[in-house]
Amino acid sequence: MDYTALLLLGLAGLGIISSNSTVTIAMVVLLLVRLLGLHQAYPWLEKYGLTVGIIILLIGVMTPLASGRISLQTVGEAFLHWKSLTAIGIGILVAYLGGRGATLIGSQPTIVAGLLIGTVIGVAVFKGVPVGPLIAAGILSLIIGRM
């Protein structure tokens with residue numbers, strides 16, 4: 001019995017039950033890769049998947065600026081309001097935590113399973129967004145004192 005395929009199927013089911021298409025699509029794609037025997041895709045996905053995902057995420061986040069919906073003046077005003085300055089500070093903190101997380105995941109791959117399970121549960125059950133593993137690993141690195 002292929003327990004990995006059953007786990008992916010269960011996580012896809014969790015995505016369906018919680019109406020979270022992000023989890024469902026990701027698990028179904030990985031399940032298809034597994035069932036179709038496209039195992040040569042795993043190293044590529046493992047090596048570049050995060051980078052491609054971050055690029056797509058940045059494109060989505062920066063589109064309002066590129067389209068002109070957010071003006072250069074609005075960007076400049078971000079440095080004049082306390083909420084915007086707080087957002088800048090939090091953005092810096094999150095980027096720092098993500099960097100620490102990437103380092104921790106690279107040096108201690110055994111924690112990846114826990115981070116992924118926690119992220120999928122957070123996305124599926126609590127309607128979260130699956131950007132958490134790197135930040136979670138960064139917070140974990142602060143807690144366990146590793147970098």
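Residues numbered from 1 in each chain as written. Predicted model: local features only at pLDDT ≥ 70, side-chain atom pairs only at ≥ 80, totals over all residues. Heavy atoms only, no water.

- The name an unreviewed UniProt entry assigns to the chain is UPF0756 membrane protein PDUR_15915, from the organism Paenibacillus durus.
- The heading Subcellular location (unreviewed entry) in the UniProt record of the chain holds the text "Cell membrane". (UniProt positions renumbered as here; feature names shortened; annotations may be inferred.)

Comments concerning the nonpolar core
Working step 1: Ala5, Leu8, Leu11, Ala12, Val23, Met27, Leu31, Val120 and Val123 together form the largest nonpolar core, which totals nine residues.
Working step 2: Among the secondary structure elements, those contributing two or more residues to this core are α1 (3-17), α2 (21-35) and α6 (112-126).
Working step 3: Looking at this core, the element that brings in the most residues is α1, giving four residues. (Core = buried A, V, L, I, M, F, W, Y, C linked by side-chain atoms within 4.5 Å. Buried < 20%, exposed > 50% of the residue type's maximum accessible area, 1.4 Å probe, protein only. Helix = DSSP H or I, 4+ residues; strand = E, 2+ residues; numbered from the N terminus.)

Re the packing of aromatic side chains
Working step 1: Counted according to the given criterion, the structure contains one aromatic pair.
Working step 2: Centre to centre, the rings of tryptophan 44 and tyrosine 48 are 5.6 Å apart; their planes meet at 45°, and the pair counts as tilted. Of this pair, tryptophan 44 and tyrosine 48 both sit in helix α3 (residues 41-67), four residues apart, roughly one helical turn. (Phe/Tyr/Trp six-rings, centres within 6.5 Å; stacked < 30°, edge-to-face > 60°.)

Digging into the UniProt feature "transmembrane region" (unreviewed entry) in the chain
Working step 1: In this numbering, the UniProt entry assigns the feature "transmembrane region" (unreviewed entry) to residues 6-36, 48-67, 79-99 and 111-144.
Working step 2: End-to-end, the C-alpha atoms of residues 6-36 are 15 Å apart, and along that stretch the chain is 87% helix and 0% strand.
Working step 3: Between the C-alpha atoms that bound residues 79-99 there is a distance of 24 Å. The span itself is 86% helix and 0% strand.

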